[in-house]
Amino acid sequence: MTGIPENFIRSNLQGIPFVGPEIILTGAIIILLIVGVILPYWRYRRMFTVLALLGLIGSLLPLWKLPTPQPDLTYLSGLFVWDWLTFFFKLFFVVAGGFVILLTQGSSEIDNVEYSECTVLVLAVTMGMMLLVAATDLLMIFLAFETMGILSYLLVGMRAGDVRSGEAALKYVLYGAFTSGTMLFGFSLLFGLAGTTDLLEIGRQVVAASQNPQDKILLIVAVLFFLAGLLFKTASFPFHFWCPDVYEGAPTPITAFLSVGPKAAGFALFIRLFYPLFTTGGEGGMYEAVSGLDWPSILALVSALTMTLGNLAAIHQNNLKRLLAYSSIAHAGYLLMGIVALSDFGLRAVVFYLVVYLFMNLGAFAVVTLVASGGGSEEIDSYRGLGSRAPYLCVAMAVFLFSLIGLPPFAGFVGKVYLFAAVIYKKIYWLAVVAALNTVVSLYYYLRVVKAMFLERPTEASQVQVSLGSQALLLALLFPTLGLGIYWQPLAKVVSGMF
Amino acid sequence: MSYSLPSFLIVSSLLFCLGMFTVLTRRNAIGVLMGIELILNGAGLNFVAFSRFLEPTQTANLLSGQVFTLFIIAIAAAEVAVALAIVLVLYSQMKTIDVEDFKDLRG
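Residues numbered from 1 in each chain as written. Chains lettered and ligands numbered in written order. Predicted model: local features only at pLDDT ≥ 70, side-chain atom pairs only at ≥ 80, totals over all residues.

**Student:** Explain the overall build of chain A here, please?
**Tutor:** Within chain A, the secondary structure is distributed over 20 helices and four strands. For 499 residues, the compact-globule formula gives about 23 Å, and the C-alpha radius of gyration of chain A, at 22 Å, lands near that figure. For chain A, the spread of C-alpha atoms along the three principal axes comes to 75 × 60 × 40 Å. Relative to its full complement of 499 residues, chain A shows a buried share of 60%. (Helix = DSSP H or I, 4+ residues; strand = E, 2+ residues; numbered from the N terminus. Rg over C-alpha atoms; globule rule 2.2 N^0.38 Å. Buried ≥ 20, exposed ≤ 12 C-beta atoms within 10 Å, placed from the backbone.)

This is the structure:
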């Protein structure tokens with residue numbers, strides 16, 4: 001044991017309980033793989049659901065045993081930090097993963113043959129996202145980012161027999177590998193600047209380096225390269241091209257997962273990377289960009305372009321999955337407003353909106369899945385008069401869409417108020433005006449779906465059958481979408497404790 | 001003859017630019033993948049060069065650059081394995097790997 005200091009070993013052993021959730025999730029993945037090999041997996045669809053859900057719930061158990069999160073509590077040689085952001089997002093991703101597994105269980109798009117692999121991949125992506133939010137080291141961020149990325153390429157290409165699924169996967173893997181490679185090159189430049197991969201230490205060096213004109217150019221290039229990776233994952237302009245194609249080609253439950261999971265992870269990474277590295281201050285909850293690096297202005301522009309492009313392109317869509325893809329691009333634009341605001345208030349708004357968005361967007365995709373499984377298609381035409389054929393589904397869909405627009409009294413309204421307040425507080429009025437105009441534009445295409453469902457004549461008379469379990473799932477998504485619109489203070493309180 | 005940090009940085013920047021150019025101009029999916037590989041290797045070369053030539057200071061942990069490169073190689077292999085699998089499945093159905101031939105998803 002020469003050469004390895006004893007306190008190094010001890011501190012790493014003490015860090016192991018902190019990765020408990022990931023260890024349990026890995027265990028669940030291995031069990032699922034073994035069960036999938038030894039049992040005739042195509043017969044026991046429900047068993048895989050139960051096992052996967054048990055794994056997800058089990059991964060939450062260590063969370064309550066661990067000490068109270070603190071901003072400077074790092075573990076495993078400073079690779080991870082145990083703060084409220086980590087704690088909260090681990091919970092967030094488990095909820096997202098759980099809903100997606102339940103959604104996949106009821107979907108007819110994924111065959112029994114593929115189902116066991118699908119649960120394994122969903123759990124593995126969840127684990128990647130959990131590692132990503134906790135990581136405070138460039139190496140760990142890269143590894144977690146790629147774990148999440150590579151496995152989600154596979155998820156998109158799940159239905160290998162379908163050319164559309166394969167095409168979506170190809171586009172996703174090519175764009176994804178390209179942007180993450182670019183981000184990696186940015187990492188290597190920062191490593192050259194600071195000589196370390198630890199984010200906090202790099203942050204200190206960046207402040208010093210921004211005084212030096214030569215280093216400043218390097219910093220600007222690094223920021224631009226970082227943006228490539230992050231804007232890709234959050235599906236923002238100018239890296240949004242993949243989004244509609246991938247969302248349309250992927251199986252609907254997987255689309256739902258991509259639109260909330262990796263997107264939320266992208267925003268968490270924004271908070272993790274840009275705030276320690278490229279801001280100073282933090283007193284009184286306000287930050288300032290490192291002098292000479294005006295990334296907030298770039299991001300404000302990106303935010304405005306993202307929401308405008310997303311909303312304008314959504315107007316012409318006749319496929320509901322594509323429409324929701326453009327809507328998710330627009331929402332990335334709204335969420336970027338909170339990042340641009342450079343304040344704790346803005347970050348709280350982002351996290352609050354991500355939670356709301358999780359429920360309402362999963363809900364909208366859940367309805368699309370159920371309608372497709374009940375014999376309909378994803379085209380808006382097949383939603384004509386659906387209000388009389390499947391009243392429960394359509395009322396739920398209307399609630400989710402109204403919430404996505406941001407109408408009171410639904411949760412989306414409260415989330416949007418926080419985001420608007422954050423940019424207005426920072427006095428970026430033009431962005432608030434653009435966002436308000438965009439909300440008006442978005443009314444049109446969301447209401448088109450609502451109109452088709454309730455005001456047009458049905459083309460068929462038969463009722464759409466929805467199983468009891470799926471109805472319960474929808475109720476579980478409806479409850480927070482409605483509840484958080486009326487009684488949001490508890491969540492606001494939790495979120496305000498985070499920053 | 002001795003090599004210094006700038007010569008390595010020039011090579012890695014060239015690798016990155018060539019990779020970028022390949023990705024943006026190639027229509028063949030495998031070609032695009034090769035471009036991505038060049039970008040990743042450019043980053044890897046950067047890490048190794050920095051960890052070899054930077055002055056050790058109190059806060060620097062230069063060895064992590066070498067470790068980083070090992071991980072980049074492994075991740076690149078995983079990424080290519082997944083991408084090639086997808087390309088192979090598509091080829092068996094469409095008999096082409098030209099990116100512009102995949103036009104089923106349009107809105």
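**Student:** In this structure, what is going on with the overall build of chain B? I would like to understand it.
**Tutor:** Counting its secondary structure elements, chain B contains three helices and zero strands. Along chain B, from the amino end to the carboxyl end, the secondary structure elements read α-α-α. Computed over C-alpha atoms, the radius of gyration of chain B comes to 18 Å, more than 25% over the 13 Å expected from 2.2 N^0.38 for 107 residues, which places it beyond the range of a compact globule. Projected onto its principal axes, the C-alpha positions of chain B cover 55 × 30 × 25 Å. The burial tally for chain B puts 34% of its 107 residues in the buried class. Across chain B, every contact between residues at least 6 apart in sequence was considered, and the portion connecting residues at least 24 apart equals 50%. (Contact = placed C-beta atoms within 7 Å.)

**Student:** Could you clarify how one ought to interpret the interface of chain B and chain A in this entry?
**Tutor:** Interface size is commonly expressed as the accessible surface area that is lost when the partners come together. Each partner contributes to the interface: chain B provides 39 residues, whereas chain A provides 38 residues. Looking at the side of chain B that touches chain A, the elements with two or more residues in it are α1 (5-25), α2 (29-53) and α3 (63-94) of chain B. It is α3 of chain B that contributes the most residues to the side of chain B that touches chain A, 17 residues altogether. Across the side of chain B that touches chain A, the residue classes tally to 28 nonpolar, nine polar and two charged. (Nonpolar A, V, L, I, M, F, W, Y, C, P; charged D, E, K, R; others polar.)

**Student:** What am I meant to see in unusual backbone geometry here?
**Tutor:** Most of the time, phi is negative for any residue but glycine, and the peptide bond is trans. All names here are of chain A. The omega torsion across Phe237 and Pro238 is -5 degrees, close enough to zero to call that bond cis. Following the sequence through the fold, Pro238 ends up in the loop between α9 (213-233) and α10 (242-249). For Leu76, which is not a glycine, the phi torsion comes out positive at approximately 50 degrees. Position of Leu76 among the secondary structure elements: in the loop between β1 (74-75) and β2 (80-81). Here Ala235, not a glycine, exhibits a phi torsion of approximately 55 degrees, which is positive. When you line up the elements, Ala235 lands in the loop between α9 and α10.

**Student:** Quick question: what am I supposed to make of the nonpolar core here?
**Tutor:** Generally speaking, a soluble globular protein has its nonpolar side chains buried in company with each other. Residue and element names in this part refer to chain A. Membership of the largest hydrophobic core comes to 225 residues, with the highest contact counts inside it found for Leu132, Met337 and Val340. Ranked by residues supplied to this core, first place goes to helix α14 (residues 344-373) with 21 residues. Dropping the residues within four chain positions of it, Met337 is found in contact with Ser303, Leu419, Ala422, Val423, Leu431 and Ala435. (Core = buried A, V, L, I, M, F, W, Y, C linked by C-beta atoms within 7 Å.)

**Student:** I'm lost on the packing of helix α16 (residues 391-405) of chain A against helix α19 (residues 468-486) of chain A in this one. Help?
**Tutor:** A pair of packed helices is captured by two measures, namely the crossing angle of their axes and the spacing between those axes. All names here are of chain A. At their nearest, the axes of α16 and α19 sit 10 Å apart, and the two run at 30 degrees to each other. By the angle between their axes, α16 is roughly parallel relative to α19. Crossing handedness for the pair α16 and α19: left-handed. Touching Tyr392, Ala396, Val399, Phe400 and Ser403 of α16 are Gln471, Leu474, Leu478, Thr481 and Leu482, all from α19. Broken down by class, the residue content of the contact of α16 with α19 amounts to seven nonpolar, three polar and no charged. (Axes fitted to C-alpha atoms, helices over the stretch in contact; angles between N-to-C directions. Parallel < 35°, antiparallel > 145°, perpendicular 65-115°, else oblique. Left-handed = near helix turned anticlockwise from the far one by under 90°.)

**Student:** For this particular structure, what's the right way to read the environment of Phe402 of chain A?
**Tutor:** Residues and elements named next belong to chain A. Its location among the elements puts Phe402 in helix α16. For the pair formed by Phe402 and Gly412, sequence separation is ten residues and the distance between their alpha carbons is 7.9 Å. Once you skip the residues sitting within four places of it in the chain, Phe402 turns out to touch Leu407 and Phe410.

**Student:** Help me out: how do you make sense of the environment of Lys263 of chain A in this one?
**Tutor:** Of note, Lys263 of chain A is situated in helix α11 (residues 252-278). Between the C-alpha atoms of Lys263 of chain A and Leu231 of chain A, which are 32 residues apart in sequence, the distance is 9.4 Å.

**Student:** How do you make sense of the packing of helix α2 (residues 20-38) of chain A against helix α5 (residues 112-134) of chain A when you look at a structure like this?
**Tutor:** All names here are of chain A. In the contact formed by α2 and α5, the axes pass within 10 Å of each other and the chain directions differ by 165 degrees. Here α5 runs roughly antiparallel to α2, going by the angle between their axes. Helix-helix and strand crossings are classified by hand; for α2 and α5 the assignment is left-handed. Where α2 approaches α5, its residues Pro21, Glu22, Leu25, Thr26, Ala28, Ile29, Leu32, Leu33 and Gly36 are matched on the opposing element by Ser116, Thr119, Val120, Leu123, Ala124, Thr126, Met127, Met130 and Leu131. Tallied by class, the residues present in the contact of α2 with α5 amount to twelve nonpolar, five polar and one charged.

**Student:** Even after reading the chapter, I still don't get α2 of chain A, so can you show me in this structure?
**Tutor:** One turn of the α-helix equals 3.6 residues, which is why residues spaced by three or four share an orientation. Residues and elements named next belong to chain A. Over its 19 residues, α2 runs 27 Å from end to end, which matches the ideal 27 Å to within 8%, given 1.5 Å per residue. When we look at burial in α2, the residues that qualify are Pro21, Glu22, Ile24, Leu25, Ala28, Ile29 and Leu32. One side of α2 holds all its buried residues, which, seen down the axis, span an arc of 160 degrees. Turned more than 90 degrees off the buried face of α2, the exposed positions are Ile30, Ile34, Val37 and Ile38. Summarising the contacts, the buried residues of α2 are in contact with α3 (45-65), α4 (84-105) and α5. (Expected span 1.5 Å × (residues − 1). Arc of directions from axis to C-beta.)

**Student:** Looking at this model, I keep getting lost on the confidence of the model for chain B. Mind explaining?
**Tutor:** Should the pLDDT be low somewhere, the predicted coordinates at that spot are not to be read in detail. Confidence in the prediction of chain B, expressed as mean pLDDT, is 89, and 97% of residues score 70 or more. Of the two predicted TM-score estimates for the complex, the pTM is 0.94 and the ipTM is 0.95. (pLDDT = per-residue confidence, 0-100.)

**Student:** Please explain helix α7 (residues 163-194) of chain A as it appears in this structure.
**Tutor:** With 32 residues, α7 of chain A extends 46 Å from end C-alpha to end C-alpha; this agrees with the ideal 46 Å at 1.5 Å per step. Two residues or fewer after α7 of chain A comes Gly195 of chain A, characterised by a positive phi angle close to 75 degrees.

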